[in-house]
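# Overview (structure and organization)
Given next are the chains, with one letter for each unit.
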Amino acid sequence: MSEEKKSKGGVWQFIKFAFFSASAGIIQVLSFTLMSEVIIKLPALQNLMDTNATFAKIMQNEYGPMYLIALLLSVIWNFTFNRKFTFKSANNVPIAMLKVLAFYCVFTPISTILGNHFTAKFADVTAINYIVLACTMACNMITEFLYDKFVVFRGSENTAVKKK
């Protein structure tokens with residue numbers, strides 16, 4: 001395959017990855033917003049938070065827990081679609097998922113700690129939770145693409161059998 005064709009294929013692959021990451025990002029932002037703006041204000045949850053200290057700590061309008069739940073939902077979505085449509089990989093799904101889990105075992109604590117730090121430091125900024133979330137999501141998309149391409153799906157791209 002010529003270098004020009006490989007280059008165009010790589011660009012197209014990144015565009016597809018970005019598209020699916022954007023759709024996962026929508027899921028992440030919607031679930032984050034739902035938790036931070038709607039769910040924690042429900043009267044039933046307020047009563048539960050008054051009686052259960054652990055649940056109250058998790059659901060207080062803190063960045064970390066909401067970010068972790070939203071991230072998990074988006075990762076599952078993103079992995080599923082990128083494996084099938086972007087990398088077209090037929091490799092062992094549980095092994096690929098474990099590799100992605102390894103990525104998130106490093107990325108998640110770092111992004112959560114930094115997110116908590118910046119949302120606390122700039123708490124007076126009205127939209128700080130969303131600014132930090134957007135920066136984290138952009139960093140996540142770029143680093144995960146590189147990790148998926150060169151670690152998770154390396155050697156197994158375009159191995160899925162097309163159904164006729």
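Let me begin by describing the structure that accompanies this report. Model, not experiment: these values are computed from the prediction. (Residues numbered from 1 in each chain as written. Predicted model: local features only at pLDDT ≥ 70, side-chain atom pairs only at ≥ 80, totals over all residues. Heavy atoms only, no water.)

### Description of the overall build of the chain
Secondary structure summary: the chain contains six helices and zero strands in total. Starting at the N terminus and walking to the C terminus, you meet the elements of the chain as α-α-α-α-α-α. Summing over all exposed atoms, the chain offers an accessible surface of approximately 10200 Å²; the carbon and sulfur share of this is 71%. (Helix = DSSP H or I, 4+ residues; strand = E, 2+ residues; numbered from the N terminus. Areas by Shrake-Rupley, 256 points an atom, 1.4 Å probe, with all protein chains shown as cover.)

### Some points on the nonpolar core
Judged by nonpolar contacts, the single largest core of 24 residues is most densely connected at Phe32, Tyr67 and Tyr104. Those elements that provide at least two residues to this core are α1 (3–38), α4 (63–86), α5 (93–121) and α6 (128–152). (Core = buried A, V, L, I, M, F, W, Y, C linked by side-chain atoms within 4.5 Å. Buried < 20%, exposed > 50% of the residue type's maximum accessible area, 1.4 Å probe, protein only.)

### A closer look at the packing of α4 against α5
How two helices sit against one another is set out by the angle between their axes and by the gap between those axes. One can describe the packing of α4 onto α5 by two numbers: an axis separation of 10 Å at closest approach and a directional angle of 150°. The angle between α4 and α5 falls in the class roughly antiparallel. Two packed elements cross with a definite hand, and for α4 against α5 that hand is right-handed. Together, Tyr63, Gly64, Tyr67, Leu68, Leu71, Val75, Phe79 and Arg83 of α4 and Val93, Ala96, Met97, Val100, Tyr104, Phe107, Thr108, Ser111, Thr112, Gly115, Asn116 and Thr119 of α5 make up the contact between the two elements. Of the residues in the contact of α4 with α5, the class split is 12 nonpolar, seven polar and one charged. (Axes fitted to C-alpha atoms, helices over the stretch in contact; angles between N-to-C directions. Parallel < 35°, antiparallel > 145°, perpendicular 65-115°, else oblique. Left-handed = near helix turned anticlockwise from the far one by under 90°. Contact = heavy atoms within 4.5 Å. Nonpolar A, V, L, I, M, F, W, Y, C, P; charged D, E, K, R; others polar.)

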